[in-house]
Amino acid sequence: MADSNETNITPGMKRYIDKNNAYLKNRSEYIKNVVKKWKFDTISVHGLYSVKDAIEDYQGSIIEPIFMSTSQVFNDSDEMEAALSYLIPSWTYSRIANPSTYYYEWTIALLDGYGFNGETSCCSTSSGMAAIMTAVQPFLIHKSKSKQEPRNFVASSQCYGGTFQQFSIRLMEERGIECRWVRNTADIEEWAEKIDENTRFLYGELPSNPCLGFFDIKAVADLAHSHNIPLICDSTIATPALLRPIEHGADIVVQSVTKTMTSSGFGIAGAVIARHNLTSNIDNDAMKKDFATYIKYLPNRDYGPNLHPMQAIMTLNDLRTLRSKVDLLSKNTMRVAQYLSTHNKIESVQYLGLPNHPLYKLASRYLWLVDAEYDPEYKKPVNRYGHLMSFCIKGGAVQTRKFFDSLNNIFRATDLGRIKSVATIPAISTHQQQGQAGRVLANIPDNLVRLCVGAEHPDDIIADIEQALKKI
Ligand SMILES: *Cc1c(COP(=O)(O)O)cnc(C)c1O
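The sections below set out a description of the structure shown in this document. Bear in mind the structure is a predicted one, so any value in this text is a computation, not a measurement.

Some remarks on the side chain of Asp464
Moving on, step 1. Its location among the elements puts Asp464 in helix α18 (residues 458-470).
Moving on, step 2. When sequence neighbours within four positions are dropped, the list of residues in contact with Asp464 reads Leu407, Asn408, Asn409 and Ile410.

Re the site of the ligand
Moving on, step 1. Looking at the ligand, there are 14 residues lining it, with Gly128, Asp234, Ser256, Thr258 and Lys259 nearest.
Moving on, step 2. Residue Gly128 places a main-chain N or O atom 2.8 Å away from an oxygen atom belonging to the ligand.
Moving on, step 3. Asp234 is positioned with one of its side-chain polar atoms (N or O) 2.7 Å from a nitrogen atom of the ligand.
Moving on, step 4. Alone, the ligand offers 380 Å² of accessible surface; in the complex the protein occludes 94% of this.

Focus on the pattern of salt bridges
Moving on, step 1. Applying the stated criterion to the full structure yields 23 salt bridges.
Moving on, step 2. For Glu149, the salt bridge identified is with Arg200, shortest N-O distance 3.8 Å. Taken together, the residues span a long stretch of sequence, with Glu149 in the loop between α6 (128-136) and β2 (152-156) and Arg200 in strand β4 (residues 199-205) at a distance of 51 residues. Assigned by exposure class, Glu149 and Arg200 land together as buried.
Moving on, step 3. Of the charged contacts in the structure, one is a salt bridge between Lys331 and Asp327, with a shortest N-O distance of 3.9 Å. Taken as a pair, Lys331 and Asp327 lie in helix α14 (residues 322-341) at a separation of four residues, close to a single helical turn.
Moving on, step 4. What makes Asp327 buried here is its relative accessible area of 8%.

Quick word on the environment of Ala54
Moving on, step 1. Summarising the element assignment, Ala54 is placed in helix α3 (residues 51-57).
Moving on, step 2. Between the alpha carbons of Ala54 and Pro65 there is a distance of 9.1 Å; along the sequence they are eleven residues apart.
Moving on, step 3. When residues no more than four places from it in sequence are discounted, the contact partners of Ala54 are Tyr49, Gln59, Gly60 and Ser61.

Description of the nonpolar core
Moving on, step 1. By size, the foremost hydrophobic cluster in this structure holds 97 residues, and its most contacted members are Leu202, Leu231, Leu340, Met389, Phe391, Phe403 and Ile465.
Moving on, step 2. Ranked by residues supplied to this core, first place goes to helix α5 (residues 99-112) with seven residues.
Moving on, step 3. Formed jointly, this core draws a minimum of three residues from each of two domains, domain 1 (11-319) and domain 2 (322-469).
Moving on, step 4. Discounting chain neighbours no more than four positions away, the residues touching Leu202 are Val154, Trp191, Ile195, Val220, Leu223, Ala224, Ile229, Pro230, Leu231 and Ile232.

Each value, and the rule that gives it
- Residues numbered from 1 in each chain as written.
- Predicted model: local features only at pLDDT ≥ 70, side-chain atom pairs only at ≥ 80, totals over all residues.
- Heavy atoms only, no water.
- Helix = DSSP H or I, 4+ residues; strand = E, 2+ residues; numbered from the N terminus.
- Contact = heavy atoms within 4.5 Å.
- Near = heavy atom within 4 Å.
- Polar contact = N/O pair within 3.5 Å; in protein donor to acceptor, adjacent residues only side chain to side chain.
- Areas by Shrake-Rupley, 256 points an atom, 1.4 Å probe, with all protein chains shown as cover.
- Salt bridge = Lys/Arg side-chain N within 4 Å of Asp/Glu carboxyl O.
- Buried < 20%, exposed > 50% of the residue type's maximum accessible area, 1.4 Å probe, protein only.
- Core = buried A, V, L, I, M, F, W, Y, C linked by side-chain atoms within 4.5 Å.
- Domains from an automatic or database assignment.

This is how it looks when you write it as structure tokens:
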């Protein structure tokens, strides 16, 4: 995949290309005939790292090796030229690629592509914000080199605070690219009326952080495609254990892998996952054919928002138990939500798993614990709603802070998706920068507490909440 100069393939280079074509053919057969037939758990545990890889390439290491190396040595000038022209799979330099991030990318591509009857690929990024930035940029270019056209995109206003800032300050204010916010994402008409001939993509976060907005992915994807534009989804809160938007028609998924996918909390990581042959009104065939590989080898090579190999392997270790962990955390969260929903000091509880939530029915169509039908305990599909919930405390901001400051076991942190329970007040933390008007748009009142229930015994979490509520 070269973006400018044509490469003249010499006989010396061709030797390497032929050898590597054989390797690529074997790999796609292995994926098609073996890996794609595995259940979700097996993909989570192994990804593409096989016994054969371990023995032939990595001295038998059962864990994917951490390649803390800036660059790769080449046999000769022919191999170097073929590699730098992207004519053979190689990693060259760790800003471009790295063997450790390679295994990370494949595992995540396969997990978000699980159940999807087509190909997906993934580009690792240094954070969730970098994933969002690199997923949206290629659609925002000027199509004509000589003319500056008006450009816009349509996005859910209920979104992560950092995303709100990236779209409203960096893109709108600084670059003059209009972001048209959709306030009620469950209303397909609101999406539809914001699209015009200058719209480049639709963007939606679901479930949204922290207010648990949700939308009908298939309907919004169909709408996007009817305008020849892609749908990009931030699916961080659900993780592929509960939702895989590509299977429902989305073109691109962005993940803050920092969160539930790296529940140990060891560091920051992101991923862009895309279906092959996506829909876009941008005239760039390489981009449309394999978007994630395109951004990895071209724009991200030039911008450099790459993931550290150490973090890639630490994340892989967390991913191995993703399904069972998300199941446990979801069950614990449900218990806490049920407890809070009957408490007289609580004004309201927002959890998609509570039947009185206005989006319960819609969310229940999409949020399923992957492979529950193969689980001997369930033997049938079961809904799970993840471990993000929020609630409002009676008595406004002052009482809310008092409750929050009285928590003993639940960590006060602007974080989520942890194996440990963490809580925050979004109005003074994650959604503080966007100001009062931005919070009204995103529906974030001052007395809202965001709670992510961890893997502790739920009785102990409830006891901590109970004693803190007694203080107000
Ligand atoms: C945290 C978060 C992000 C940003 O991810 P980082 O890894 O912190 O950069 C984006 N979207 C959602 C939904 C998030 O929760």
